[in-house]
Amino acid sequence: MIDRRRNTDFGIILSLALIIISVYCHIQLEGPVIITLLVTLLAPKLYMPFTWLWFRLGDLMGIVATRCILFLLFFLIVTPVGIIRRWMNKETLHLKQFRKGSGSIFIAQEKTYSPQDLDKQY
């Protein structure tokens, strides 16, 4: 939901961006900066379509960045660990042993539990 505060924030960010462009590009933008600040103070509803577009762009960038970061984490951390474990013949789940026999890889616990065992589980 786009409200007055988001429109005001967008107007301030737009004014700040114009000031930064003015300083770095040596362009005189005092007039547009003053106009954007006046519109921000007096009629921030005029920024409604631009604010909506700005926040949708931010959402899209968040989705893309998240997927890129997860992709990099998987292929830079998880994949090499799996390859190294395969080279070292580390098999935590004992799947080769499970495939050879007909039994289960789970260890059966032959303990009878009392109510005191359930008091402090962690």
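Structure: above.
Note that the coordinates shown come from a computational prediction; the quantities given were computed from them, not determined experimentally.

**Some points on unusual backbone geometry**
Turning to step 1, where the next piece is worked out: Its identity as a non-glycine residue notwithstanding, histidine 26 has a phi of 55°, on the positive side.
Turning to step 2, where the next piece is worked out: Turning to its location among the elements, histidine 26 is positioned in the loop between α1 (4-25) and α2 (30-42).
Turning to step 3, where the next piece is worked out: We note that asparagine 89 has phi near 55°; this positive angle belongs to a residue other than glycine.
Turning to step 4, where the next piece is worked out: Mapped onto the elements of the fold, asparagine 89 is located in the loop between α3 (48-87) and α4 (95-100).

**What about the side chain of serine 15?**
Turning to step 1, where the next piece is worked out: Position of serine 15 among the secondary structure elements: in helix α1.
Turning to step 2, where the next piece is worked out: Owing to a relative accessible area of 2%, serine 15 belongs among the buried residues under this scheme.
Turning to step 3, where the next piece is worked out: Once residues within four sequence positions are removed from consideration, serine 15 is found in contact with Val33, Thr36 and Leu37.

**Overview of the layout of surface pockets**
Turning to step 1, where the next piece is worked out: The computed volume of the largest pocket comes to approximately 280 Å³.
Turning to step 2, where the next piece is worked out: Arg85, Arg86, Asn89, Lys90, Glu91, Thr92, Leu93, Leu95, Lys96 and Arg99 are the residues that line the largest pocket.
Turning to step 3, where the next piece is worked out: Considering every element that reaches the lining of the largest pocket, the biggest residue donor is α4, with 3 residues.
Turning to step 4, where the next piece is worked out: Split by residue class, the lining of the largest pocket holds 2 nonpolar, 2 polar and 6 charged.

Parameters at a glance
Residues numbered from 1 in each chain as written. Predicted model: local features only at pLDDT ≥ 70, side-chain atom pairs only at ≥ 80, totals over all residues. Heavy atoms only, no water. Helix = DSSP H or I, 4+ residues; strand = E, 2+ residues; numbered from the N terminus. Buried < 20%, exposed > 50% of the residue type's maximum accessible area, 1.4 Å probe, protein only. Contact = heavy atoms within 4.5 Å. 1 Å grid on protein atoms, 1.4 Å probe; cavity = no way out; pocket = protein on both sides within 12 Å on 5 of 7 lines; lining within 4 Å. Points joined across faces, edges and corners; volume = space filled by probe spheres on them. Nonpolar A, V, L, I, M, F, W, Y, C, P; charged D, E, K, R; others polar.

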